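One letter stands for each residue in the lines below.
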Amino acid sequence: MVSALEHYSYCPRQFALIHVEQSYDENIFTLRGSADHERVDEGYSTASPDIRVESSLPIWSERLGLIGKADIVEFHGDTPYPIEYKHGPRKMGVHAEMQLCAQAMCLEEMFGCCVPKGSVYHCSSHHRREVVFSEELRTRAESMLVTMRAVLESGDVPEPVNDARCTNCSLIDLCLPQAVGKRRRLSHIGKALFEANEEE
Ligand code: SF4
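Residues numbered from 1 in each chain as written. Predicted model: local features only at pLDDT ≥ 70, side-chain atom pairs only at ≥ 80, totals over all residues. Heavy atoms only, no water.

### Concerning helix 2 (residues 12–19)
- For helix 2, the buried fraction is high: 7 of the 8 residues fall into the buried class.
- All of the buried residues along helix 2 are Arg-13, Gln-14, Phe-15, Ala-16, Leu-17, Ile-18 and His-19. (Buried < 20%, exposed > 50% of the residue type's maximum accessible area, 1.4 Å probe, protein only. Helix = DSSP H or I, 4+ residues; strand = E, 2+ residues; numbered from the N terminus.)

### Regarding the site of the ligand
- Taken together, Cys-11, Gln-14, Pro-160, Val-161, Cys-166, Cys-169, Ile-172, Cys-175 and Pro-177 are the residues near the ligand.
- Comparing atom positions with the cavity grids shows the ligand to sit within the largest cavity.
- Of the residues that constitute the shell around the ligand, the class distribution is 8 nonpolar, 1 polar and no charged. (Near = heavy atom within 4 Å. 1 Å grid on protein atoms, 1.4 Å probe; cavity = no way out; pocket = protein on both sides within 12 Å on 5 of 7 lines; lining within 4 Å. Sits in = over half its atoms within 2 Å of the grid points. Nonpolar A, V, L, I, M, F, W, Y, C, P; charged D, E, K, R; others polar.)

### Side note on the sheet that holds strand 6 (residues 127–132)
- A sheet is described by the order of its strands in space; here 6 strands give the open sequence 1-2-3-4-5-6, paired in mixed fashion. Each edge of the open sheet carries a strand with a single partner, namely strand 1 (45–47) and strand 6. Strand-to-strand, the axes of this sheet are offset by a mean angle of 35°, without reference to chain direction.
- One ladder, built from 6 bridges, connects strand 5 (residues 117–122) with strand 6; its direction is antiparallel. (Pairing = 2+ DSSP bridges. Axes fitted to C-alpha atoms, helices over the stretch in contact; angles between N-to-C directions.)

### What about a nonpolar patch on the surface?
- Taken together, the side chains of Met-1, Trp-60 and Ile-67 make up a nonpolar region of the molecular surface, amounting to roughly 330 Å² of accessible area.
- Tracing the sequence through the fold places Ile-67 in strand 3 (residues 66–76).
- A relative accessible area of 51% places Ile-67 in the exposed class. (Patch = residues over 30% accessible without salt bridge, like charges linked within 9 Å, V, L, I, M, F, W, Y side chains within 5 Å. Areas by Shrake-Rupley, 256 points an atom, 1.4 Å probe, with all protein chains shown as cover. Salt bridge = Lys/Arg side-chain N within 4 Å of Asp/Glu carboxyl O.)

Here it is in structure tokens:
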């Protein structure tokens, strides 16, 4: 799924919990996000002389092995301009940008054209932030897809990041980042002690 790029970019463990273990949970942020998406999820079309707008547009790429939906695609003439709706202020990192870039690459394959830019729309601030799909962003998104596919094939769930990202993560009660992190740390300490005793 195209949306999985944002999950992986935010936290590889979050990606694996959702897409390997099929776990999901809601919190206040995901619920607010769903409410913000209600209008675009209706799948409407509008047209003015300059711009045609499609919401909840199905997208795919055979080359990248991706499917998904774009919240909004504006067509400026024949050029698609994807807009991804996000609840709340910008998160640190380029998570939404990765997802949007993957949408752009799908649209390029579907419509046989170049999609040079799009926007992330922050619902709470009503702010549109333009994203240019640079070669660097495209390469980064494609290489992340390769890593994501490897995680899917292995079925392994990566270690918790156990940092500030966890505070707002809806999966925190399923993930238990502190408990898992502590258990892994104790296991590493135990292993190191065992190896030290072996060497003596
Ligand atoms: S709680 Fe933290 S480690 Fe766990 S999935 Fe969420 S962000 Fe990742």
